[in-house]
Amino acid sequence: LIPQVPPRTEELSELYRELSQHPGLSTACLGPDLTTQYGGKYCSLYTEWSQRDLARAENIKFCRQYLLFHDGASIVYSGPVGACSEIKGELLSRESHSGTLKAVLRKVPGKEKEKEKEKQFLEVWDQNCKVKSIDLTALDKHGSVCDDDQFGCLAWSHSETHLLYVAEKKRPKSESFFQSKAPELGTSDEDAGQPKKEDAPLKGEQFVYHEDWGETLSTRSVPVLCILDIEGSSISVLEGIPEHLSPGQAFWSPEDTGVVFVGWWHEPFRLGLRYCTNRRSALFYVDLTGGKCELLSEDTKAVWSPRLSPDSCRIVYLENDVLGPHQQCSRLRMYDWYTKQTSMVLEAVPRHEWGAFPGIYCGALPGMCWAADSRRIVLDTAQRSHQDIFVVDTATGATTLLTADGPRGSWSVLTIDRDLLVARFSTPSCPPVLKVAVLPAAGHEAQAQWICLQDAPPVPGISWGIRTLQPPPEQEHPQYRGLDFDAILLRPTEGPTAQKPPLVVMPHGGPHSVFTAGWALYPAALCRAGFAVLLVNYRGSLGFGQDSVASLPGNVGTQDVRDVQLCVERVLQEEALDAGRVALVGGSHGGFLACHLIGQFPDTYRACVVRNPVVNIASMVATTDIPDWCLTETGLPYAPDALPDPAQWTEMLRKSPIRYVDRVRVPVLLMLGEDDRRVPPKQGLEYYHALKARGVPTRLLWYPGNSHALAGVEAEADGFMNMALWLLKHLE
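What counts and how
- Residues numbered from 1 in each chain as written.
- Predicted model: local features only at pLDDT ≥ 70, side-chain atom pairs only at ≥ 80, totals over all residues.
- Heavy atoms only, no water.
- Buried < 20%, exposed > 50% of the residue type's maximum accessible area, 1.4 Å probe, protein only.
- Helix = DSSP H or I, 4+ residues; strand = E, 2+ residues; numbered from the N terminus.
- Pairing = 2+ DSSP bridges.
- Right-handed = clockwise from strand over helix to strand, strands pointing away.
- Axes fitted to C-alpha atoms, helices over the stretch in contact; angles between N-to-C directions.
- Left-handed = near helix turned anticlockwise from the far one by under 90°.
- Contact = heavy atoms within 4.5 Å.

Notes on the pairing of strand S32 (residues 485-492)
Most of S32 is tucked away, with eight of its eight residues classed as buried. Neither face of S32 is left uncovered, since the one carrying Phe485, Ala487, Leu489 and Arg491 and the one carrying Asp486, Ile488, Leu490 and Pro492 both have all their residues buried. In terms of strand pairing, S32 meets strand S34 (residues 532-537) through five bridges, oriented antiparallel. Across the sheet, Leu489 pairs through a bridge with Leu534, a residue of S34.

Below, the structure written as structure tokens:
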């Protein structure tokens, strides 16, 4: 028998192929100003984009270049230059301060015949050719270079003679206790073919466990700061960093006298660091001559994203409290290099108020965020269910919205240089587009005029809107009354279901995260496939003030679940939707909520799809890279040396969706990443076995080589197809 292809499979695969081709915009860099023969100014704009290549099953990077003609106050003319071209092997790149040199960290496959491992090269290019190519692997001064955005950096010295980067510390070679070497002819037993003493392998160290920094950072253990002397092609590993710190996000101090870096404490042991802006860390300065390390910030907070002003006088950085929610409303602080004083620029915002600054909820400041006056910075942040760009006066703390006159959606700063501002913009129905503006003079920022450089036509067949919901009095938080929340509803405007479509409910993960009104492939593709999609920003989401964040720990499994259910019931009452065909889709904490909802409200839903869901907090605490999350979100205190007592184990179990598994009746599709360190796949397996034992229709997809996000191109594409077919099958 020939297996039958489910109906609509070809249609869905073509739809996914079409929408997945829209590229994402990742970075932008402005070249130096040049002057025309008529006195006008222009500069180049280099941008990098990423795109899914389904045929190669990988994400590819490519570059596009533009010319900007400006008069210092406005963009006079702008346009693309030449065609796109793919970027291969580049891990990091950075232009020098003058714009005449460019450094590139490149990976190069080893020669297959000689069974060589992949190599890393550090290259220096001028305006005509490659002038240096240094084989870092052959020099063997350190391990692999950190190319991630957590520790990684590639920074030019102000003199443009040295490069600073972060790499893994070189690990001594090890061998078995019983390793033997045959002596070579003509040599004594003492020196027969033996390596130098400092390179001699250590016996008995083969299987020593080395801690790492968790999800997506499993190759990061002991980072070190490294400096390349370009002229001499020599590399030195910086000394003087305290042994209890892991350094990263480094840059040169004024006058190149030393290096400023963020140091994360890794004692008594490392916790997961990705998406966790609550890990103890501080700002440090290490002197290049004496090797002395100096603390620049408080050492009891969590800090990240330090940025040096153009006049080299001030450093701004973000700050959170240690532990507690992994993502919070952050503070903006500033360190004066010459007075050695630290000031508070912006405090955390308790509640969102329209017309006022919403607070800072970004994972990082833009790599270049300072205005030319070395007084103002630009940043993007969530404002409820939008994302906007603000300018901040670091002297007064005054903030101005730069996107007030622009379209509503999701704005992100890519770079600012000489007050030329480059941004990315998208909406749920419009893929990312490139925007540019000139930052107006202080006091006139609201007059910023945005120009679209690279347009992307809106995807047809999708309408969207944002609605605000107020919980009923009995569901109010006793300490944080008056909190509301949002949901973004996408509706199909074409096709047979447009009049009364089935509804797919998608709560976000985190839980302290947020859906902003930007482009997202899965919701857009589901909407085009005929589903209405409800993206719920329940209380505890970012962008609504710190009170909203603080209201959720201790109330997971109740407050967030009730918010989503209230939103679903309200939307079904007020919108033309098919209330008999409602499904849930969620990942991580969104999967936690989906599993809760099908257990607590089994009559509302007809199908469920979960990706790496949290199912049992009590069994997760001993296996995850973030055990503090399990206790914090349950409402319990976390300490590295404390073990949960029986009452705490009970409380974790009581707040978990596994508690309601006996009430689940709807078919459940599980998607698990084999390499997930955040919510290990045994969580999903535990739920799978519980459902199978109770006769609930269930299917499990297992993705090797994928971690928590299931972001591999093949896994993402396969996940969409299986999800859409599961929903179509069970919502018939």
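Brief notes about unusual backbone geometry
In this model, Glu267 is joined to Pro268 through a cis peptide bond whose omega is 0°. Relative to the helices and strands, Pro268 is located in the loop between strand S17 (258-265) and strand S18 (281-287). Residues Gly510 and Pro511 are joined by a peptide bond in cis, for which omega reads 5°. By the secondary structure assignment, Pro511 is in the loop between strand S33 (503-507) and helix H3 (521-528). Even without glycine at this site, Ser233 takes up a positive phi of about 55°. Positionally, Ser233 belongs in the loop between strand S14 (223-229) and strand S15 (234-237).

Regarding the pairing of S34
Across the six residues that make up S34, a large majority, six, are buried. Of the two faces of S34, the one carrying Ala532, Leu534 and Val536 and the one carrying Val533, Leu535 and Asn537 are both buried. Bridging between S33 and S34 involves five bridges; their strand directions are parallel. When the bridges of S34 are listed, Leu503 appears paired with Ala532. Of the crossover connections in this fold, the one passing from S33 over H3 to the parallel S34 is right-handed.

Here's the deal with the packing of H3 against helix H11 (residues 713-730)
Packing of H3 against H11 brings their axes to within 11 Å, and their N-to-C directions diverge by 35°. As for the relative orientation of H3 and H11, their crossing is right-handed in sense. Residue-level inspection shows Leu521, Tyr522, Ala525 and Leu526 of H3 in contact with H11, the latter providing Ala715, Glu716, Gly719, Phe720, Met723 and Leu727.

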